[in-house]
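What follows is each chain in one-letter form.
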Amino acid sequence: MPTFLIEKDYETGDANTPDGTFQVVTLEDENGNDVMDEIGIDPGTLYPIDTGEAEIVSQIGAALDLDTAEIELEESNPGNPRYRQE
């Protein structure tokens, strides 16, 4: 099962949405390679907290021709998220 490590920025997201949003800071494959460009993840895109991961998994599946049911996202440091440095 392919696993991708995702770092999220919750602080820059839109706090005015009901459940909030996040932006992707980094997305790495199992080998530690940054795959944001390959997948087409724009670091400025706001993803809804409740559905954003499913959207990212869908993008990964489409870009890499993988079955989305087989893709696993693992959040890096979920208890203390890293915030993007502008």
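For the structure itself, consult the block above.
Because the structure is predicted, anything quoted here is derived from the model rather than measured. (Residues numbered from 1 in each chain as written. Predicted model: local features only at pLDDT ≥ 70, side-chain atom pairs only at ≥ 80, totals over all residues. Heavy atoms only, no water.)

Core analysis: the biggest nonpolar cluster contains 15 residues, and Phe4, Val24, Leu27, Ile41, Ile56, Ile60 and Leu73 have the highest contact counts within it. Only strand E1 (3-9), strand E2 (21-28), helix H1 (36-39) and helix H2 (52-64) provide two or more residues apiece to this core. In this view, Leu27 contacts Phe4, Leu5, Ile6, Asn33, Asp34, Val35, Met36, Ile39, Ile41, Ile56, Ile60 and Leu73; residues no more than four positions away in its chain are not counted. (Core = buried A, V, L, I, M, F, W, Y, C linked by side-chain atoms within 4.5 Å. Buried < 20%, exposed > 50% of the residue type's maximum accessible area, 1.4 Å probe, protein only. Helix = DSSP H or I, 4+ residues; strand = E, 2+ residues; numbered from the N terminus. Contact = heavy atoms within 4.5 Å.)

On to the environment of Asn77, then. Tracing the sequence through the fold places Asn77 in the segment after strand E4 (72-75). On the accessibility criterion, Asn77 (44% relative accessible area) is partly exposed. Between the C-alpha atoms of Asn77 and Ile6, which are 71 residues apart in sequence, the distance is 9.2 Å.

What follows deals with the packing of aromatic side chains. Applying the stated criterion to the full structure yields two aromatic pairs. Geometrically, the ring pair formed by Tyr10 and Phe22 is tilted, given 6.1 Å between the ring centres and 55° between the ring planes. Here Tyr10 is found in the loop between E1 and E2, whereas its partner Phe22 is found in strand E2, with 12 residues between them in sequence. For the pair Phe22 and Tyr47, a centre-to-centre distance of 5.6 Å together with 25° between the ring planes defines the contact as stacked. (Phe/Tyr/Trp six-rings, centres within 6.5 Å; stacked < 30°, edge-to-face > 60°.)

For the rest of this paragraph, the subject is the pairing of E2. Where burial is concerned, most of E2 is hidden: seven out of the eight residues are buried. Bridging between E1 and E2 involves five bridges; their strand directions are antiparallel. Residue pairing for E2: Asp9 is matched across the bridge by Gln23. Here E2 pairs with strand E3 (residues 47-48) via two bridges, running antiparallel. Each bridged residue has a counterpart across the sheet, and for Phe22 the counterpart in E3 is Tyr47. (Pairing = 2+ DSSP bridges.)

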